[in-house]
Amino acid sequence: MSFDFSALLVLLTFVSGIIWAFDSWILQPVRERKVAAGERDPEKGQPLLAEYARSFFPVFLIVLILRSFLFEPFRIPSASMMPTLLIGDFILVNKYDYGIRLPVIHTKIIENGKPERGDIVVFRYPEDPSIPYIKRIIGVPGDHLAYRNKTVYINGVRMQQEGIGKFYGSGSGFVHNGLSRRKEILGEQAHDILVNPGSPSLEVEATVPPEHYFVLGDNRDNSRDSRYWGFVPDENLVGQAVMIWMNWDLKNGGISWKRIGTILQ
């Protein structure tokens, strides 16, 4: 089970806020009366715990708001989204475009936009919601999907693929060298994918139910996605991956400066 940083952040914000408020509204007036009566040294400050709470509460609150409602960082641990995302990429996830949700309980309180085909999304894995997954949305509610011979069909229409050549990577992605790199076109959106022509293709056909999404990894033959475990419920969505803000891969020499600031599509 993954560590729930959101729950810890909510707890720290709540506890520090309560301590600060209790000291400001209850204990501070008592201290001031004692100082006025000559029963307390006026140079003596507030208790250390209250001072820490006053200092850290605004920090915790700002981080909680930014992380819960605007942007949240994630690290890419696997190769399932190569060549778009590499092992060691750190990404920013836009959390407001798909609706505002409360932290920890994930209840949507404000409706906003809906995911579209081609979006790269982070979501809570349906079979274990404590694990964050990242894939690309291929099918939206109502779509009839088929995946045959390493090709996507949406509502009976074959999605075009254009061969680019072989994939050549480095660092942790070196083991995927030699895979076929192709440009897949989903309507007006295009993105690169990897396929292994020599491996068997898991073929599926299904209709996406309401409030659910069909997702695939860009590294099609090295990804556990909707072909294996089904659809992603809307309630499991975390947000849309929008940018790479850091890449750290020791097998590739550490920081990859050229990937910093890359806009995802």
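Treat the numbers as computed from the prediction; the structure is a model and nothing was measured. (Residues numbered from 1 in each chain as written. Predicted model: local features only at pLDDT ≥ 70, side-chain atom pairs only at ≥ 80, totals over all residues. Heavy atoms only, no water.)

Undergrad: What is the right way to read empty space enclosed by the protein from this model?
TA: Over the atoms rolls a probe the size of a water molecule, and in doing so it shows where empty space is left. Inspection of every chain in the model, using the stated rule, returns one cavity of 30 Å³ or more. If you add up the space inside the largest cavity, you get close to 30 Å³. As for the largest cavity, its lining consists of Lys95, Tyr98, Gly99, Arg101, Leu237, Val238 and Gly239. Ranked by residues supplied to the lining of the largest cavity, first place goes to strand 16 (residues 237-249) with three residues. For the lining of the largest cavity, a count of residues per class yields three nonpolar, two polar and two charged. (1 Å grid on protein atoms, 1.4 Å probe; cavity = no way out; pocket = protein on both sides within 12 Å on 5 of 7 lines; lining within 4 Å. Points joined across faces, edges and corners; volume = space filled by probe spheres on them. Helix = DSSP H or I, 4+ residues; strand = E, 2+ residues; numbered from the N terminus. Nonpolar A, V, L, I, M, F, W, Y, C, P; charged D, E, K, R; others polar.)

Undergrad: Can you help me understand the side chain of Arg136 in this one?
TA: Following the sequence through the fold, Arg136 ends up in strand 6 (residues 132-139). Residue Arg136 is classed as buried on the basis of its relative accessible area, which comes to 0%. (Buried < 20%, exposed > 50% of the residue type's maximum accessible area, 1.4 Å probe, protein only.)

Undergrad: Help me out: how do you make sense of helix 1 (residues 5-36) in this one?
TA: Each α-helix turn comprises 3.6 residues. Residues three or four places apart therefore point the same way. Over its 32 residues, helix 1 runs 44 Å from end to end, which matches the ideal 46 Å to within 8%, given 1.5 Å per residue. Of all the positions in helix 1, only Ser6, Leu9, Thr13, Ser16, Gly17, Ala21, Asp23 and Arg31 are classed as buried. The elements touched by buried residues of helix 1 are helix 2 (48-70). Positive backbone phi, at 75 degrees, marks Gly38, one or two positions downstream of helix 1. (Expected span 1.5 Å × (residues − 1). Contact = heavy atoms within 4.5 Å.)

Undergrad: Explanation requested: the packing of aromatic side chains in the structure shown.
TA: Given two aromatic rings, one states the distance between the centres and the angle between the planes to describe the pair. Counting across every chain of the model gives eleven aromatic pairs. Here the aromatic rings of Tyr125 and Tyr133 are separated by 4.3 Å at their centres, their planes lie at 0 degrees, and the arrangement is stacked. By relative accessible area, which is 9% here, Tyr125 ends up buried. According to the relative accessible area criterion, Tyr133 is partly exposed, its value standing at 21%. Geometrically, the ring pair formed by Tyr133 and Trp229 is edge-to-face, given 6.2 Å between the ring centres and 75 degrees between the ring planes. Here Tyr133 is found in strand 6, whereas its partner Trp229 is found in helix 3 (residues 226-229), with 96 residues between them in sequence. Three or more aromatic residues link up through ring pairs in this structure, and these residues are Phe123, Tyr125, Tyr133 and Trp229. (Phe/Tyr/Trp six-rings, centres within 6.5 Å; stacked < 30°, edge-to-face > 60°.)

Undergrad: When you look at helix 2 in this model, what are you seeing that I'm missing?
TA: Across its 23 residues, helix 2 extends 33 Å between first and last C-alpha, which sits within 8% of the 33 Å expected from 1.5 Å per residue. The sharpest bend along helix 2 reaches about 35 degrees and sits at Phe56, with the proline Pro58 one to four residues further on. Residues of helix 2 that are buried include every one of Ala50, Ala53, Phe57, Phe60, Leu64, Arg67 and Ser68, and no others. On its buried face, helix 2 sits against helix 1, strand 1 (71-75) and strand 3 (100-101). (Bend = angle between axes of the 7 residues up to and from the residue.)

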